[in-house]
Amino acid sequence: MTTVRIAELARHEGASVTVQGWVLTLRTSGKIAFLVLRDGTGYLQAVLSKKEVSEETWARFGGLSQEASVAVTGTVRAEPRAPGGYEMHATELTLLGASVDFPIQPKEHSTQFLFEHRHLWLRSRRQVAIAKVRHEVVQAIRDFFFARDFTLVDTPILTGSIGEQAGELFSTDYFDLGKAYLAQTGQLYVEAAAAALGKVYCFGPTFRAEKSKTRRHLTEFWMVEPEVAFHDSNDNMRLQEEFVSYIVGRALEARREELKELERDTGPLERVQAPFARISYTDAVQKLNALGSDMAWGRDLGGDDETLLAQQYDRPVFVFNYPKGVKAFYMKENPDDPRTVLNNDCLAPEGYGEIIGGSQREDDYDRLLARILEQGLDPEAYRWYLDLRKYGTFVHSGFGLGVERTVAWICGLPHIRETIAFPRQIHRLYP
Ligand code: NSS
């Protein structure tokens, strides 16, 4: 007997095959029984007729419960009303693993309860749909850079230098060398790699010991960080708008079903096409003030400011050239206004806010050293990073896109914690 996945059933119409999976729902009218199965590739309704199956098989159906694992054998029939378009007329049923009192029932559970049972909650239709969208986004990211001839460079997770912000580091003892930090970014390392390979990116988990409990923050999240030699800040924004449009387009094209499952209104996503609007930080402050915000020049944009500003546009918007004081040490000073740096954030619409932070990098040795000292960082830890400005310094730019924030936006989720299988937050390390 051929064993097939639910997604492959179309190729077996009329044949008798076996499907292995888990019981989603059970229903019987006394003579006919319905069993909806899932196997990760799709959903299948199997129909058993008491008249047509053995007594043992009929009795076995009666003993099933939610999330038991089973093998069902039967004939595949086209059924336009069935999920996936096919149905199985079952002749045999085998219980593989019983499931007694599955904790997650088809009713409302508290968020706390669901996250406590995250290992089981992952099986729900909604969580499966989110996982598939995330998978598509990750593959789209890799395909985008592969097609454009970027070289993937894997950067270390254990690092000796602070990448973004001193206050938000996880540290661990590192043999005789003192403290090692969990990487907040791979950026400093891809800058070195850009001088070797021209166009590079890293893609991996990053860590922030941020005490923020917002719906946009995790302590462990995935970030993709391209870095391009001889790109200035404008080239950088051009790459970002192409990149974001590509990812969204890909999700729309390949994950319609999942977005429907999530009841995502895809209208706003269809509008995500380059070019995006661009507004300087200074103009953004004025605009926000005109809209009633008390935002003052010199402060970083808060979540509410980002939402308010992004609402003024029908697609993502770039805010560029922020005050030096609120941004990282490695950003290049703006020659036209030294109070600011050549950077940008990309804000997603519909209240999702910042999904990308990027900048042109300080390529002048003396200025960079001054910034490192100003911020109280140890220049010795950055000796290798300063070397890049000593041996053939070059204009270069890059950015980081947060995978979870991007997936939350594309899926239309209220909180980013559902976009990763096992989220890490300040108060959550289990499961
Ligand atoms: O801090 S960033 O704004 N920028 C960097 O780390 C640069 N080193 C990137 C670069 O130029 N190569 O973070 C970039 C993005 C940000 O826009 C968010 O989408 C995401 O990373 N991010 C986060 N996602 C989830 N949780 C937290 N805590 C978080 N912090 C940043």
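All of these numbers come straight from a predicted model, not from anything done at the bench. (Residues numbered from 1 in each chain as written. Predicted model: local features only at pLDDT ≥ 70, side-chain atom pairs only at ≥ 80, totals over all residues. Heavy atoms only, no water.)

Draft legend 1. Region of interest: the packing of aromatic side chains. A full pass over the atoms with the stated rule returns 20 aromatic pairs. Taking the centre distance of 4.9 Å and the plane angle of 40° together, the rings of Phe145 and Phe243 count as tilted. Of this pair, Phe145 sits in helix 4 (residues 125-147) while Phe243 sits in helix 6 (residues 233-254), placing them 98 residues apart in sequence. The exposure class assigned to Phe243 is buried, which follows from its relative accessible area of 0%. Here the aromatic cluster, defined as three or more aromatic residues joined through ring pairs, consists of Phe144, Phe145, Phe150, Tyr201, Phe243, Tyr246 and Phe399. The aromatic ring of Tyr322 is capped on one face by Lys327, whose charged end is 4.5 Å from the ring centroid. (Phe/Tyr/Trp six-rings, centres within 6.5 Å; stacked < 30°, edge-to-face > 60°. Helix = DSSP H or I, 4+ residues; strand = E, 2+ residues; numbered from the N terminus. Buried < 20%, exposed > 50% of the residue type's maximum accessible area, 1.4 Å probe, protein only. Lys NZ or Arg CZ within 6 Å of the ring centre and 35° of its normal.)

Draft legend 2. Representation of the side chain of Glu404 in the model. Considering the arrangement of structural elements, one finds Glu404 in helix 13 (residues 403-411). In contact with Glu404, other than residues within four places in its own chain, are Arg134, Leu218, Phe221, Trp222, Ile416, Thr419 and Ile420. (Contact = heavy atoms within 4.5 Å.)

Draft legend 3. Just the site of the ligand, in detail. Glu164, Gln187, Glu210, Glu225 and Glu354 are the nearest of the 23 residues found near the ligand. Between the ligand and the protein, one listed contact pairs an oxygen atom with a side-chain N or O atom of Arg208 at 2.8 Å. Put simply, the parts of the chain that give the shell around the ligand at least two residues each are strand 12 (220-229), strand 16 (353-360) and strand 17 (396-402). When the residues that make up the shell around the ligand are grouped by side-chain class, the tally is eight nonpolar, seven polar and eight charged. (Near = heavy atom within 4 Å. Polar contact = N/O pair within 3.5 Å; in protein donor to acceptor, adjacent residues only side chain to side chain. Nonpolar A, V, L, I, M, F, W, Y, C, P; charged D, E, K, R; others polar.)

Draft legend 4. The arrangement of the domain arrangement of the protein in detail. As far as domains go, the protein holds domain 1 (6-97) and domain 2 (118-419). Computed over C-alpha atoms only, the centres of domain 1 and domain 2 are separated by 46 Å. Contacts between domain 1 and domain 2 engage seven residues on the former and four residues on the latter. Approximately 510 Å² of surface area, both sides summed, lies buried where domain 1 meets domain 2, with 44% of it carried by carbon and sulfur atoms. In terms of surface lost to domain 2, no three residues of domain 1 exceed Arg38, Gly40 and Tyr43, which account for 66% of the buried area on that side. Inspection of the domain 1/domain 2 interface yields one salt bridge. Here Arg123 and Glu67 are joined by a salt bridge, their closest N and O atoms 2.9 Å apart. Across the contact surface, domain 1 and domain 2 share two residue pairs in polar contact (both at pLDDT 80 or more). Classifying every residue of the side of domain 1 that touches domain 2 gives three nonpolar, two polar and two charged. (Domains from an automatic or database assignment. Buried area = accessible area lost by both parts, 1.4 Å probe. Salt bridge = Lys/Arg side-chain N within 4 Å of Asp/Glu carboxyl O.)

Draft legend 5. Examining the pattern of salt bridges more closely. As enumerated under the stated definition, the model contains 32 salt bridges in all. Taking the shortest distance from any N to any O, the salt bridge between Arg389 and Glu191 comes out at 2.7 Å. Of this pair, Arg389 sits in the loop between helix 12 (383-387) and strand 17 while Glu191 is found in helix 5 (residues 187-197), placing the two residues 198 residues apart along the sequence. For the pair Arg389 and Glu191, a shared accessibility class is recorded, and that class is buried. Because the salt bridges share partners, they merge into one network encompassing Glu136, Asp143, Arg250, Arg255 and Glu258.

Draft legend 6. Inspection of helix 5 at higher detail. Within the span of helix 5, buried status applies to Gln187, Leu188, Val190, Glu191, Ala193 and Ala194. Of the surrounding elements, those touching the buried residues of helix 5 are strand 11 (199-207), strand 12, helix 12 and strand 17. Count one or two residues on from helix 5 and you reach Gly198, which has phi positive near 85°.

Draft legend 7. Quick look at the side chain of Lys332. Tracing the chain through its elements places Lys332 in the loop between strand 14 (317-320) and strand 15 (343-348). There is a polar contact of 3.2 Å between the side chain of Lys332 and the side chain of Glu362. Ignoring anything within four residues of it in the chain, the contact list for Lys332 reads Val341, Leu342, Gln360, Arg361, Glu362 and Asp363.

Draft legend 8. Structural view of helix 1 (residues 55-62). Looking at helix 1, one finds that the buried residues are Thr57, Trp58 and Phe61. Down the axis of helix 1, the buried side of the element spans an arc of 100°, and every buried residue falls inside it. In helix 1, those exposed residues whose orientation departs by more than 90 degrees from the buried face are Glu55, Glu56, Ala59 and Gly62. For helix 1, the elements touching its buried residues are strand 2 (16-28), strand 3 (32-38), strand 4 (43-49) and strand 6 (86-97). (Arc of directions from axis to C-beta.)

Draft legend 9. The arrangement of the pairing of strand 2 in detail. Taken together, the three bridges between strand 1 (residues 2-4) and strand 2 define a ladder with parallel strand orientation. Bridging across to strand 2, Thr2 finds its partner in Val17. In terms of strand pairing, strand 2 meets strand 5 (residues 69-78) through seven bridges, oriented antiparallel. Bridge pairing in strand 5 links Ser16 to Thr75. In the sheet, strand 2 pairs with strand 3 via six bridges, with the strands oriented antiparallel. (Pairing = 2+ DSSP bridges.)

Draft legend 10. Representation of the nonpolar core. The biggest cluster of nonpolar side chains holds 45 residues, and the ones touching the most others in it are Ile141, Phe243, Val244, Leu401, Trp409 and Ile410. Taken together, the elements giving at least two residues each to this core come down to helix 4, strand 11, strand 12, helix 6, strand 15, strand 16, strand 17 and helix 13. With eight residues, the single largest contributor to this core is helix 6. Within the second largest apolar cluster, 24 residues are counted, among which are Val4, Ala33, Leu48 and Ala68. (Core = buried A, V, L, I, M, F, W, Y, C linked by side-chain atoms within 4.5 Å.)

Draft legend 11. Fine view of the sheet that holds strand 8 (residues 158-159). An order of 8-10-9 is seen for the three strands of this open sheet, with the pairing classed as antiparallel. Strands with a single pairing partner mark the edges of an open sheet, and in this sheet they are strand 8 and strand 9 (171-173). When strand 8 meets strand 10 (residues 179-182), the two strands line up antiparallel, connected through two bridges. Counterpart to Leu158 in the pairing with strand 10 is Leu182.

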